[in-house]
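Working through the structure, step by step
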Amino acid sequence: MGELSAVARDLAPTGTLRAAVNLGNPVLAHGTPAEPGGITVDLAREVAERLGVPVGFRCFDAARKSFEALTSGAADLGFLAIEPARAAEVAFTAPYVLIEGVYLVADGSPLATPADVDRPDVRIGVKEGSAYDLYLTRTLRHAAIVRGEDGVTAFEAEGLEAAAGIRQPVTAYAAAHPGTRVLPGRFMEIRQAVCTTPDRRPETVAFLHELVEELKASGFVADALHRANQDATVAPPA
């Protein structure tokens, strides 16, 4: 009990666990800032309950804003994809869920697979600061990245050759917009993890890591995804 109290003081120094939630990723969160829901909200509530502190939500519409809240000290707990560009400023658990990054193209596009997209004549719309923005920035060799508030919006507005995004919302967009299609396969696996800042005590980071493993094994993560009507894959044990 004493160790949990020490973790609570370290992770929630204000007395309330301030959790940064990205409402811009429908797989992870939904609702409004006043009434958020989804797997990340359920995870934050469980962390707070284990520590015996109240939880407060800081809701944003993009991962980069959640990242900024965490690293600036405005939030204590975050839910971000594991990416090398974030590793120096964020302490990650192992992933709790796996999401696929996919491409959207026009029906008449000659692009047939994700590998085809990395060409000099291809422009890809991405949501600025997203996991797939960071990944494509460090892996693409030829295609150009066009950043905006949303990759699909940029794809539409600027007549781009492709848009990058998360499978579930991109698939829903294609179904609602005849003339577009999702390329088969994925260009990346997005490993979503619980995170805090690396200046926390080692025991605090270990607590988060062990709790995530417990919640994957117990079915908590799968149940939370099911309640949110999301079909993402629960990550395997670390």
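Residues numbered from 1 in each chain as written. Predicted model: local features only at pLDDT ≥ 70, side-chain atom pairs only at ≥ 80, totals over all residues. Heavy atoms only, no water.

A few points about the pattern of salt bridges
- According to the stated counting rule, one finds 16 salt bridges in the structure shown.
- Between Arg138 and Glu83 there is a salt bridge, with its nearest N and O atoms 3.0 Å apart. With Arg138 in helix 4 (residues 131-139) and Glu83 in the loop between strand 5 (78-81) and strand 6 (91-106), the pair connects residues that are 55 residues apart, well separated along the chain.
- In this structure, Lys216 engages Glu213 in a salt bridge whose closest nitrogen and oxygen atoms are separated by 2.9 Å. With Lys216 and Glu213 both in helix 7 (residues 202-218), this residue pair falls three residues apart, about one helical turn.
- For Lys216, a relative accessible area of 10% gives the class buried. (Salt bridge = Lys/Arg side-chain N within 4 Å of Asp/Glu carboxyl O. Helix = DSSP H or I, 4+ residues; strand = E, 2+ residues; numbered from the N terminus. Buried < 20%, exposed > 50% of the residue type's maximum accessible area, 1.4 Å probe, protein only.)

So, the nonpolar core
- Formed by 57 residues in total, the largest nonpolar core has its most connected members in Val47, Leu77, Tyr96, Tyr103, Ile124 and Leu136.
- With seven residues, helix 2 (residues 39-51) is the largest single contributor of residues to this core.
- Residues Val152, Ala154, Ala163 and Ala174 belong to the second largest nonpolar core, which totals eleven residues. (Core = buried A, V, L, I, M, F, W, Y, C linked by side-chain atoms within 4.5 Å.)

Description of the packing of aromatic side chains
- Applying the stated criterion across every chain, the model contains two aromatic pairs.
- Ring plane angle 25 degrees and centroid distance 4.4 Å describe the contact between Tyr103 and Phe187, whose orientation is recorded as stacked. A residue pair is termed long-range when its members are at least 10 positions apart, and Tyr103 in strand 6 and Phe187 in the loop between strand 10 (180-182) and strand 11 (188-196) qualify at 84 residues. As far as burial versus exposure is concerned, Tyr103 and Phe187 are alike and both buried. (Phe/Tyr/Trp six-rings, centres within 6.5 Å; stacked < 30°, edge-to-face > 60°.)

Comments concerning the pairing of strand 11
- In terms of residue burial, strand 11 counts as a mostly covered element, since seven of its nine residues are buried.
- One ladder, built from four bridges, connects strand 5 with strand 11; its direction is antiparallel. Paired with Gly78 across the strands is Cys195, a residue of strand 11.
- Pairing geometry for strand 6 and strand 11, over eight bridges, is antiparallel. Of the residues in strand 11, the one forming a bridge with Phe92 is Cys195. (Pairing = 2+ DSSP bridges.)

Side note on the side chain of Arg200
- As for its placement among the helices and strands, Arg200 is situated in the loop between strand 11 and helix 7.
- Classification of Arg200 as buried rests on a relative accessible area of 13%.
- Excluding its chain neighbours within four sequence positions, the residues that come into contact with Arg200 are Asp10, Leu11, Pro13, Ala75, Asp76 and Val205. (Contact = heavy atoms within 4.5 Å.)

What to know about helix 4
- Three or more residues of helix 4 are buried, namely Ala131, Tyr132, Asp133 and Leu136.
- Buried residues along helix 4 sit against strand 5, strand 6, strand 7 (123-127), strand 8 (144-148), strand 9 (162-166) and strand 11.

Describing the packing of helix 2 against helix 7
- In the contact formed by helix 2 and helix 7, the axes pass within 12 Å of each other and the chain directions differ by 120 degrees. For the element pair helix 2 / helix 7, the angle class is oblique. Taken as a pair, helix 2 and helix 7 cross one another with a handedness that is right-handed. Residues Leu43, Glu46, Val47, Arg50 and Leu51 of helix 2 lie in contact with helix 7, whose contacting residues are Phe207, Leu208, Leu211, Glu214 and Leu215.
- Of the residues assigned to the contact of helix 2 with helix 7, the class counts are seven nonpolar, no polar and three charged. (Axes fitted to C-alpha atoms, helices over the stretch in contact; angles between N-to-C directions. Parallel < 35°, antiparallel > 145°, perpendicular 65-115°, else oblique. Left-handed = near helix turned anticlockwise from the far one by under 90°. Nonpolar A, V, L, I, M, F, W, Y, C, P; charged D, E, K, R; others polar.)

What about the packing of helix 2 against helix 8 (residues 220-227)?
- In the contact formed by helix 2 and helix 8, the axes pass within 9 Å of each other and the chain directions differ by 135 degrees. Classified by the angle their axes make, helix 2 and helix 8 are oblique. For the pair helix 2 and helix 8, the sense of crossing is right-handed. Counted together, Ile39, Asp42, Leu43 and Glu46 of helix 2 and Phe220, Val221, Ala224, Leu225 and Arg227 of helix 8 form the full contact between these two elements.
- Residues belonging to the contact of helix 2 with helix 8 are distributed by class as follows: six nonpolar, no polar and three charged.

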